[in-house]
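Observations on the three-dimensional arrangement
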Amino acid sequence: MDPLFYLADTLIFIGIFSLLSLSLNLEFGLTSLGNFGKVAFFMAGAYAYTLLAHAALPPYLCFLGGALIAGLIGLVITLPALRLREDYLAIVTLSFGEILRTVVKAEEGLAGGVRGISVPAVFHLGSSRADALANILLTLGCLALCFLLLQALAHSPYGRVLRAIREDEVAVKALGKNPVYFKASVLFIGSCIAGLAGGIFAQYLNFIDPTMFLPTVTFLVWMMLILGGAGNNWGALLGGVVVELMNRGTRIMKDFITLPVDPNNLQFIFFGLLVILILIFRPQGILPEGPVKTAARKEAQNWISSL
Amino acid sequence: MDLLVVDRVVKNFGGLRVLNQASLVVKKGTVTALVGPNGSGKTTLFNVIYGLTPADEGEVYFRGKKITRYPPYQIYREGLALAFQLPRLFNQLPIMDNLLLAAPVNSGENPLRALFTRPRWQEEERALARQAREVLELLELTPLALRPAGQLSGGQRKLVEIGRVLMAKPEMILVDEPAAGINPVLARKIYATLKKLQQEKGLTLFVIEHRLEVLFDFADYVYLMDAGRVVLEGTPEEVLAHPDFYTIYAGESRPWRVL
Ligand SMILES: Nc1ncnc2c1ncn2[C@@H]1O[C@H](COP(=O)(O)OP(=O)(O)O)[C@@H](O)[C@H]1O
Ligand SMILES: [Mg+2]
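Quick caveat: nothing in here was measured; it's all calculated off a predicted structure.

1. As for the overall build of chain B
A count of helices and strands for chain B gives 10 helices and 11 strands. In summary, chain B has a C-alpha radius of gyration of 19 Å against a globular reference of 18 Å for 259 residues, a match within 12%. Based on the C-alpha atoms only, the size of chain B along its principal axes is roughly 60 × 40 × 35 Å. The proportion of buried residues among the 259 residues of chain B is 56%. Partitioning the contacts of chain B with sequence separation of at least 6, the portion at a separation of at least 24 is 69%. If you sum the accessible surface of chain B, you get close to 11100 Å²; carbon and sulfur atoms cover 52% of it. One way to put it: in chain B the 32 positive side-chain charges average out to a point 6 Å from where the 29 negative ones average out.

Next comes the structure, spelled out in structure tokens:
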């Protein structure tokens, strides 16, 4: 096989998973919102993209529409839980993932149910090598854009409020800010990004079906964030790269060594073990969170150094 | 002018009646003190005023407006700010950020503005940093500005808690035992500053204070609470001269049993 395709596949999957892990960083890393249904918003974006593409909308509108639809679903699903104790959000998101997959499986007319649905490709550049390159550029372009966006948010007064919510929600309320508004905006943005990742995924594979959206996707994304460093966008990115490469590594390994267990299962045992070890020995992840960097911090650094 | 009016507030915790028709008035521009034995319901009354604990009965008015069912963030926007008895700081964030979070206006806290009007909010952040510096100088915490709040001692935490309400620049502040855990010299300095803000800026202060000697110097008016209701009120001289004052003040307050 042409190594370009393997490279493209690796880079595109790194891009897709990094988008998911970055979105989880905004939700969990900064705001401590435990979204255990990441795959649902990814799936919503993938199916929304596909249906819009079948309605012959231009690709950029399909991506945008898919992201917005996933974002709105994220908002509507989580809003009732945001007023309650935090564990309700975990329950709601976790069950929504299962519900959405079950509904899509049962629904035959619109998106093919269990048989899945084909997705029109965006690029028809005449050669499959050119298409692969275009897909790499599209995915990494989206990743770069979202990364810059999230980095700008994290190092702004908005990002500071999110961290404050993580620390003490009552104190945030006492200082004149409504935590529900901030948490809702975070879940909207986070779900939009997950939805965009879903659109890229669907478009790249040209086919989706419900079995691609199992809870293991959510598990992998959490793994990436915890390993890379919750609270740090660079960490989320690094986690995406490392876990996706390990994931591929074990799949290649399977062809060369024979083990008494299926390496795909072994992989999850290994990942689970790794998460436990990280939580024990380096709970902040590979790249720990840094302070919020705004002009105010620079000012303070200036006066402290002149003391 | 009556700035804050508490009208017959009742609060039960299970079978305990912690506030039993508590009523009082804080006049604009005064330093008003709330004293009373441990467990008499002072902190609970502050929590009810600030919307942190819902009242079972009774009403709270601020500037003539009924704020009884308002959430705390809305009460803050009306011009009231509360410093907690037990500081609730954002432990992983620097002291600086703890103060900045208390600012009444910071346009970059809106996600769209955070992305699209960066030069504007950066300018605001610089201005807020200068305000925070004034607060830090006052509290003698300037060198620690970038330390995470979780690393502070108990007294320093209390100072940051008070610093936050000063950053908020409200019309009235509620401070629950400002001097607890702070060395006496600094405590007097904090009181002197609060007094100065009252005299120069017309700030209204409502404080819970244990130490009587402070009252004479700083308070214009005193309420004595016992078992969830206001039992004595007047100028510090009047209240402290009352024959029942010391028996109540030195006593153990037992909330009323209603069930
Ligand atoms: N959340 C709560 N649940 C049950 N009892 C409470 C609660 N908060 C306060 N109390 C009780 O209410 C009484 C008054 O407490 P508090 O208002 O803190 O008194 P003070 O500040 O005057 O010392 C005490 O007996 C206390 O134990
Ligand atoms: Mg108290």
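Text resumes after the structure shown.
2. Quick look at the overall build of chain A
Summing up its helical and strand segments, chain A has 12 helices and 2 strands in all. Counting helices and strands in the order they occur from the N terminus, chain A gives α-α-α-α-β-α-α-α-α-β-α-α-α-α. For 307 residues, the compact-globule estimate of 2.2 N^0.38 gives 19 Å, and the C-alpha radius of gyration of chain A, at 20 Å, lies within 12% of that figure. Reported as C-alpha extents along the three principal axes, the dimensions of chain A are approximately 65 × 45 × 40 Å. The buried share of chain A, reckoned over its 307 residues, is 54%. Working note: accessible area of chain A is about 13000 Å², and carbon and sulfur atoms make up 72% of it. Distance from the positive charge centre (20 side chains) to the negative charge centre (18 side chains) of chain A: 7 Å.

3. Quick word on the coordination of the magnesium ion (ligand 2)
Residues and elements named next belong to chain B. The magnesium ion (ligand 2) binds to the protein through T43 (OG1) and Q85 (OE1); the donor distances cover 2.0 to 2.4 Å. A residue pair is termed long-range when its members are at least 10 positions apart, and T43 in helix α1 (residues 42–49) and Q85 in the loop between β6 (80–83) and α3 (95–100) qualify at 42 residues. Relative accessible area serves as the criterion here: at 27%, T43 is assigned to the partly exposed category. Taking the relative accessible area as the measure of exposure, Q85 reaches 29% and is therefore partly exposed.

4. Observations concerning the site of ligand 1
Residues and elements named next belong to chain B. Close to ligand 1 lie 11 residues, the nearest being G39, G41, K42, T43 and T44. Between ligand 1 and S40 there is a distance of 3.2 Å, counted from an oxygen atom to a backbone nitrogen or oxygen. Relative to its unbound accessible area of 570 Å², ligand 1 is 59% covered by the protein chains. For the shell around ligand 1, the element with the most residues is α1, which contributes 3 residues. Per-class residue counts for the shell around ligand 1 are 4 nonpolar, 6 polar and 1 charged.

5. Some words on the UniProt feature "transmembrane region" (unreviewed entry) in chain A
Residues and elements named next belong to chain A. UniProt feature "transmembrane region" (unreviewed entry): in the numbering of this structure it lies at residues 6–24, 36–57, 63–82, 132–154, 186–207, 219–243 and 263–281. Note that residues 6–24 is 100% helix and 0% strand, and that its end C-alpha atoms are spaced 27 Å apart. Across residues 186–207, helical content stands at 91% and strand content at 5%; the span's end C-alpha atoms are separated by 30 Å.

6. Details of the sheet that holds strand β10 (residues 229–234) of chain B
Residues and elements named next belong to chain B. The 6 strands lie next to each other as β6-β7-β8-β3-β9-β10, forming an open sheet whose pairing is mixed. Two strands close off the open sheet at either side, each with one partner strand: β6 and β10. Within the sheet, the average angular offset between the axes of one strand and its neighbour, ignoring direction, is 20°. Of the pairings in the sheet, the one linking strand β3 (residues 31–35) to strand β9 (residues 221–226) comprises 4 bridges and is parallel in character. Each residue of the ladder has a partner; that of V35, found in β9, is L224. Across the face of the sheet, helix α6 (residues 154–168) comes into contact with β6 and β7 (172–176) while running at roughly 175° to β6. Packing against the sheet, helix α7 (residues 184–201) makes contact with β3, β7 and β8 (204–208), and its axis sits at approximately 150° to β8.

7. Some details on the side chain of E171 of chain B
Residue and element names in this part refer to chain B. When you line up the elements, E171 lands in the loop between α6 and β7. A polar contact is formed between the side chain of E171 and the side chain of K28, at a distance of 3.1 Å. In this structure, E171 is in contact with L3, K28, F62, R63, E78, G79, G202, L203 and T204, ignoring residues within four places of it in sequence.

8. Focus: the domain arrangement of chain B
All names here are of chain B. Segmenting chain B into domains produces domain 1 (2–89 + 154–250) and domain 2 (92–151). Each side of the interface is counted separately: domain 1 has 16 residues, and domain 2 has 19 residues. Around 1500 Å² of area is buried between domain 1 and domain 2 when both sides are counted, 69% of it from carbon and sulfur atoms. It is V160, R164 and M167 that lose the most area in domain 1 upon contact with domain 2, and together they represent 37% of the buried surface on that side.

About the thresholds
Residues numbered from 1 in each chain as written. Chains lettered and ligands numbered in written order. Predicted model: local features only at pLDDT ≥ 70, side-chain atom pairs only at ≥ 80, totals over all residues. Heavy atoms only, no water. Helix = DSSP H or I, 4+ residues; strand = E, 2+ residues; numbered from the N terminus. Rg over C-alpha atoms; globule rule 2.2 N^0.38 Å. Buried < 20%, exposed > 50% of the residue type's maximum accessible area, 1.4 Å probe, protein only. Contact = heavy atoms within 4.5 Å. Areas by Shrake-Rupley, 256 points an atom, 1.4 Å probe, with all protein chains shown as cover. Lys, Arg positive; Asp, Glu negative; His and termini not counted. Charge placed at Lys NZ, Arg CZ, Asp CG, Glu CD. Donors = N, O, S within 2.8 Å, 3.2 Å for Na, K, Ca; no water. Near = heavy atom within 4 Å. Polar contact = N/O pair within 3.5 Å; in protein donor to acceptor, adjacent residues only side chain to side chain. Nonpolar A, V, L, I, M, F, W, Y, C, P; charged D, E, K, R; others polar. UniProt positions renumbered as here; feature names shortened; annotations may be inferred. Pairing = 2+ DSSP bridges. Axes fitted to C-alpha atoms, helices over the stretch in contact; angles between N-to-C directions. Domains from an automatic or database assignment. Buried area = accessible area lost by both parts, 1.4 Å probe.

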